[in-house]
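A look at the structure
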Amino acid sequence: MTPVSSKLYTDDVSLLMVLIDTNPYFWSSMKNTAFTFSKFLSHVLAFLNSILLLNQMNQVVVIATGYNSCDYVFDSSSSSMQRAECLLEKLEEFVDKDESLSQEDSVDGVGFSLLSGSLSMALCYIQRVFRTGPLHPQPRILCLHGSPDGPGQYVAVMNAIFSAQRSMVPIDSCVIGSQHSAFLQQASYITGGVYLKPQVSDGLFQYVSIATPMGNGTYF
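Residues numbered from 1 in each chain as written. Predicted model: local features only at pLDDT ≥ 70, side-chain atom pairs only at ≥ 80, totals over all residues. Heavy atoms only, no water.

Using the following cut-off: UniProt positions are given in the numbering used here, feature names are shortened, and annotations may be inferred rather than shown by experiment.
In the nomenclature of an unreviewed UniProt entry, the protein chain is known as General transcription and DNA repair factor IIH subunit TFB4 of Nicotiana tabacum. For the record of the protein chain, the UniProt heading Subcellular location (unreviewed entry) holds the text "Nucleus". What UniProt states about the protein chain under its Sequence similarities (unreviewed entry) heading is, verbatim, "Belongs to the TFB4 family."

Re the pattern of salt bridges
As a reminder, the rule being used: Any carboxyl oxygen of Asp or Glu within 4 Å of a side-chain nitrogen of Lys or Arg constitutes a salt bridge here. Numbering goes from the N terminus for both helices and strands, where a helix is a DSSP run of H or I of at least four residues and a strand is a run of E of at least two. When a residue's accessible area, from a 1.4 Å probe over protein chains only, is under 20% of the maximum for its type it is buried; when over 50% it is exposed; and in between it is partly exposed.
Considering all chains together, one arrives at 1 salt bridge under this definition. With a closest N to O distance of 2.5 Å, Arg-140 and Asp-172 form a salt bridge. Placement of Arg-140 in strand β4 (residues 135-145) and of Asp-172 in strand β5 (residues 171-175) is noted, with a sequence separation of 32 residues between them. Taken individually, Arg-140 and Asp-172 each receive the classification buried, so the pair is uniform in this respect.

Structural notes on the pairing of β5
Just so we agree on the cut-off: The pairing criterion for strands is at least two bridges between them, as found by DSSP.
Buried residues dominate β5, accounting for 5 of its 5 residues. Residues Ile-171, Ser-173 and Val-175 of β5 are buried on one face, and the alternating residues Asp-172 and Cys-174, pointing to the opposite face, are buried as well. The pairing of β4 with β5 spans 5 bridges and is classified as parallel. Across the sheet, the residue bridging to Ile-141 is Ile-171, located in β5.

What about the environment of Phe-26?
Going by this rule: We call two residues contacting when some pair of their heavy atoms lies within 4.5 Å.
Residue position: Phe-26 is located in helix α1 (residues 24-29). The class of Phe-26 is buried, set by a relative accessible area of 3%. Put simply, Phe-26 and Ser-147 are 121 residues apart on the chain and 5.8 Å apart in space, counted from C-alpha to C-alpha. Excluding its chain neighbours within four sequence positions, the residues that come into contact with Phe-26 are Val-110, Gly-146, Ser-147, Ile-176 and Gly-177.

Considerations on a negative patch on the surface
Filter applied, for reference: What goes into a patch is any residue over 30% in relative accessible area without a salt bridge, connected to like charges within 9 Å or, for nonpolar side chains (Val, Leu, Ile, Met, Phe, Trp, Tyr), within 5 Å. Calculation of accessible area relied on Shrake-Rupley with a 1.4 Å probe; when residues are assessed, cover is drawn exclusively from the protein chains displayed. The positive count covers Lys and Arg only, the negative count covers Asp and Glu only, and His and the chain ends enter neither. The atom standing in for a charge is NZ when the residue is Lys, CZ when it is Arg, CG when it is Asp and CD when it is Glu.
Together, Glu-85, Glu-89, Glu-92, Glu-93, Asp-96 and Glu-99 give the surface a local cluster of negative charge. Within the secondary structure, Glu-92 sits in helix α3 (residues 83-102). Looking at Glu-92, the relative accessible area reads 52%, which means it is exposed.

Here we look at the pairing of strand β2 (residues 59-65)
The side chains of a regular strand alternate between both faces of the sheet. Taking burial as the measure, the 7 residues of β2 include 7 buried ones, the bulk of the element. Burial along β2 is two-sided: the face carrying Gln-59, Val-61, Ile-63 and Thr-65 and the face carrying Val-60, Val-62 and Ala-64 are both buried. With antiparallel pairing between neighbouring strands as the criterion, β2 and strand β3 (residues 70-75) make up a hairpin whose turn holds 4 residues.

A word on the confidence of the model for the protein chain
What counts here: Per residue, pLDDT captures the predictor's confidence, and it can take any value from 0 to 100.
When pLDDT is averaged along the protein chain, the result is 85, and 84% of the positions lie at 70 or above. Segment residues 1-5: pLDDT under 50, and 7 contacts once partners within four positions in sequence are set aside and those in other chains are kept. Per-residue pLDDT stays below 50 along residues 215-220; that stretch engages in 20 contacts with residues further than four places along the chain or on separate chains.

Some remarks on the nonpolar core
Formally: The set of buried Ala, Val, Leu, Ile, Met, Phe, Trp, Tyr and Cys residues whose side-chain atoms join them within 4.5 Å is what this entry labels a nonpolar core.
Val-18, Phe-40, Leu-48, Val-60, Val-62 and Leu-144 are the most contacted members of the largest nonpolar core, which has 33 residues in total. For this core, the secondary-structure elements that each account for two or more residues are β1 (8-21), α1, α2 (37-54), β2, β3, α3, β4 and α7 (204-210). In terms of residue count, the dominant contributor to this core is α2 (8 residues). Contacts of Leu-144, omitting those with residues within four sequence positions, involve Val-18, Leu-19, Ile-20, Asp-21, Phe-40, Val-44, Cys-174 and Val-208. Within the second largest apolar cluster, 28 residues are counted, among which are Cys-143, Ile-171, Phe-183 and Ala-187.

Some details on the packing of helix α4 (residues 115-130) against helix α5 (residues 154-166)
Applicable threshold: The convention used is that axes are lines fitted to C-alpha atoms, helices contributing only their stretch in contact, and that angles between N-to-C directions extend from 0 to 180 degrees. These descriptions rest on fixed angle ranges, namely under 35 degrees for roughly parallel, over 145 for roughly antiparallel, 65 to 115 for roughly perpendicular, and the rest for oblique. Should the near helix be turned counterclockwise from the far one by less than a right angle, the crossing is left-handed, whereas a clockwise turn marks it as right-handed. Each residue gets one of three labels, nonpolar for Ala, Val, Leu, Ile, Met, Phe, Trp, Tyr, Cys and Pro, charged for Asp, Glu, Lys and Arg, and polar for the others, Gly among them.
Contact pair α4 / α5: the axes reach a minimum separation of 9 Å and the direction vectors enclose 25°. On the basis of their axis angle, the class for α4 and α5 is roughly parallel. In this structure, the crossing between α4 and α5 has a hand that is left-handed. Residue-level contacts link Ser-116, Leu-119 and Leu-123 of α4 to Ala-156, Val-157, Ala-160, Ser-163 and Ala-164 of α5. Here the contact of α4 with α5 is composed, by residue class, of 6 nonpolar, 2 polar and no charged.

Concerning α5
Definition in use: By definition here, a helix of n residues has an expected span of 1.5 Å times n minus one. Summarising the geometry, the arc corresponds to the directions from the helix axis toward the C-beta atoms.
Between its terminal C-alpha atoms α5 stretches 18 Å, which fits the 18 Å expected from 13 residues at 1.5 Å a residue. For α5, every residue scored as buried is listed here: Val-157, Met-158, Ala-160, Ile-161 and Ala-164. Taken end-on, α5 shows its buried residues confined to a sector of 160°, consistent with a single buried face. Exposed positions of α5 whose direction lies more than 90 degrees from the buried face are Val-155 and Arg-166. Buried residues belonging to α5 abut α4, β5 and α6 (182-191). Positioned one or two residues after α5, Met-168 has a phi angle of 60°, which is positive.

What follows is the structure in structure tokens.
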């Protein structure tokens, strides 16, 4: 593994790993609110397009965090389709698959999403990038999360947090559920990231665009 001190970052070029909570039980609980899953995605797409338009060398990777599984659903460095079309298509396939796996489970409340798994996948991707050469984009992880913390994932989540800290990868968190996330509060604090819990869900795009630092100081 390349020592942290030897990493050289490309000025103003960023690698943003975005973890999207797609837990069907959580989003079902949000149906009676004004902030639906489709509206959430519209904010996310606007934000991702802004990152990519800011610098054509920027890279965005999206990981879906479901109830039963997590997976890469978008990588701007390898996508040949229109960005929104590609992401929505892959996300729809993932959600359908995750929901089908959930049908056999009996879940109380909104359940938990696999945050530990998606954090591990993001860190693995970043480590692969670190090994491609001496010069790297500046990596950062952004968790867009709504599900409650899963107590059974505590050890795995903390291991991922400490791994990000050792690799100097900040974890930013934006919690969109009704309660705070102790996991993500620790993740952002330990890694030097930013923890947000928007008071107005419809302002999600503005919150993550203005308040969350990245690369040369801010996302914009």
